[in-house]
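One letter stands for each residue in the lines below.
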Amino acid sequence: EPEVTQTPSHQVTQMGQEVILRCVPISNHLYFYWYRQILGQKVEFLVSFYNNEISEKSEIFDDQFSVERPDGSNFTLKIRSTKLEDSAMYFCASSAGDNYGYTFGSGTRLTVV
Amino acid sequence: AQKVTQAQTEISVVEKEDVTLDCVYETRDTTYYLFWYKQPPSGELVFLIRRNSFDEQNEISGRYSWNFQKSTSSFNFTITASQVVDSAVYFCALSEADRDDKIIFGKGTRLHILP
């Protein structure tokens, strides 16, 4: 069964450092997403990406965040200057449209120290 | 606006008991999708079900069943004959059928199955 792959599974970074979280969506999917889950809380939508541009972003997705699809396979989330409160599990997801085949990756646990 | 409410924060039941997790949603759209996800201690999101708003048939999958009632905007999830391996956090979620397909999650219900 096709999978969304996220790397690394766990990343520790110092406050103020830039971090890039990587995702390989399912190959024929067209819509890509990032979600965040602070420990013990609900999963929150960050951003959706379609046709090489952001289609929607939440209030959480401020100027320190950016997304990119640098080639045909990767989808990245960059956090420019990490803060302690950015510590969370970050999930990537992709879908073929109309919620068809909506699939989440297994997540990257980001710890900012 | 979209909203998903899971009023039960935490539930504990003894193994082999049945348990129902409640979910109430709000949406202005007539076309939408409802989901349930399981999040075990390992942290990944395990897809359980996706239901289209036009399909109100209840669904059963093994020990799992779902009751979708548009009249009360509810999409409840029942585990029959619960097992210790069912212990997890369960999220109900909603997606409106627009271009973005973003999913809005409830706060989750932490389910403890006691041996």
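This text goes with the structure placed above it.
Here the residue index of a chain counts from 1 through its sequence in written order. Chains and ligands are labelled by the order in which they are written, letters from A for the one and numbers from 1 for the other. Per-residue local features of the predicted model are confined to residues with pLDDT of at least 70, and side-chain atom pairs are confined, for both listing and counting, to 80 or more; whole-chain, interface and lining totals are unaffected and use all residues. The basis for every side-chain value is the complete set of non-hydrogen atoms in the structure, without hydrogens or water.

### Topic: the interface of chain A and chain B
Frequently, the measure chosen for interface size is the accessible area that the parts lose on association.
Then step 1. Here, residues are in contact when the closest pair of their heavy atoms is within 4.5 Å. Between chain A and chain B, the residue contacts involve 22 residues of the former and 19 residues of the latter.
Then step 2. Two parts placed together each lose some accessible area under a 1.4 Å probe, and the buried area is that loss summed for both. In total, about 1800 Å² of surface goes out of reach between chain A and chain B, with carbon and sulfur atoms giving 52% of it.
Then step 3. Considering only the surface of chain A that becomes buried against chain B, Lys42(A), Asn99(A) and Phe104(A) emerge as the three largest contributors, covering 30% of it.
Then step 4. Salt bridges, as used here, are contacts in which a Lys or Arg side-chain nitrogen is within 4 Å of a carboxyl oxygen on Asp or Glu. Across the chain A-chain B interface, the total number found is one salt bridge.
Then step 5. Polar contact is the term for a pair of N or O atoms within 3.5 Å; when the atoms are in protein, one must be able to donate a hydrogen and the other to accept it, and sequence-neighboring residues count only if both atoms are side-chain atoms. For the pair chain A and chain B, the number of links is three residue pairs in polar contact (both at pLDDT 80 or more).
Then step 6. For helices the rule is a DSSP run of H or I covering at least 4 residues; for strands it is a run of E covering at least 2, with both sets numbered from the N terminus onward. Mapped onto the side of chain A that touches chain B, the elements with two or more residues apiece are strand 4 (31-37), strand 5 (44-50), strand 6 (53-57) and strand 9 (88-95) of chain A.
Then step 7. Of the residues forming the side of chain A that touches chain B, the biggest block, four residues, is contributed by strand 4 of chain A.
Then step 8. Of the residues that constitute the side of chain A that touches chain B, the class distribution is 11 nonpolar, eight polar and three charged. Each residue is assigned to one of three groups, with Ala, Val, Leu, Ile, Met, Phe, Trp, Tyr, Cys and Pro labelled nonpolar, Asp, Glu, Lys and Arg labelled charged, and all others, Gly among them, labelled polar.

### Structural notes on the pairing of strand 12 (residues 109-114) of chain B
All names here are of chain B.
Then step 1. Partly exposed describes any residue whose relative accessible area lies between the buried limit of under 20% and the exposed limit of over 50%, with all areas from a 1.4 Å probe on protein chains only and scaled to the type maximum. Where burial is concerned, the two faces of strand 12 differ: the one with Thr109, Leu111 and Ile113 is buried and the one with Arg110, His112 and Leu114 is not.
Then step 2. Here, strands pair whenever DSSP counts at least two bridges between them. Of the pairings in the sheet, the one linking strand 2 (residues 10-14) to strand 12 comprises five bridges and is parallel in character. What sits directly across from Glu10, in strand 12, is Arg110.
Then step 3. Judged from the three bridges that link them, strand 10 (residues 88-96) and strand 12 form a sheet pairing that is antiparallel.

### A few points about the sheet that holds strand 7 (residues 65-68) of chain A
Residues and elements named next belong to chain A.
Then step 1. Ordered in space as 1-3-8-7, the four strands form an open sheet in which the pairing is antiparallel. The open sheet is flanked by strand 1 (5-7) and strand 7, the only strands paired with a single partner. Each strand of the sheet is rotated relative to its neighbour by a mean of 20 degrees, with strand direction disregarded.
Then step 2. Sheet topology note: the strand 1/strand 3 (residues 19-24) ladder contains three bridges and is antiparallel. The residue of strand 3 that forms the bridge with Thr5 is Val24. Whenever a helix is involved, its axis is fitted only over the stretch in contact; in every case the axis is a line through C-alpha atoms, and angles between N-to-C directions fall within 0 to 180 degrees.

No statement about biological role is implied by the geometric values presented.
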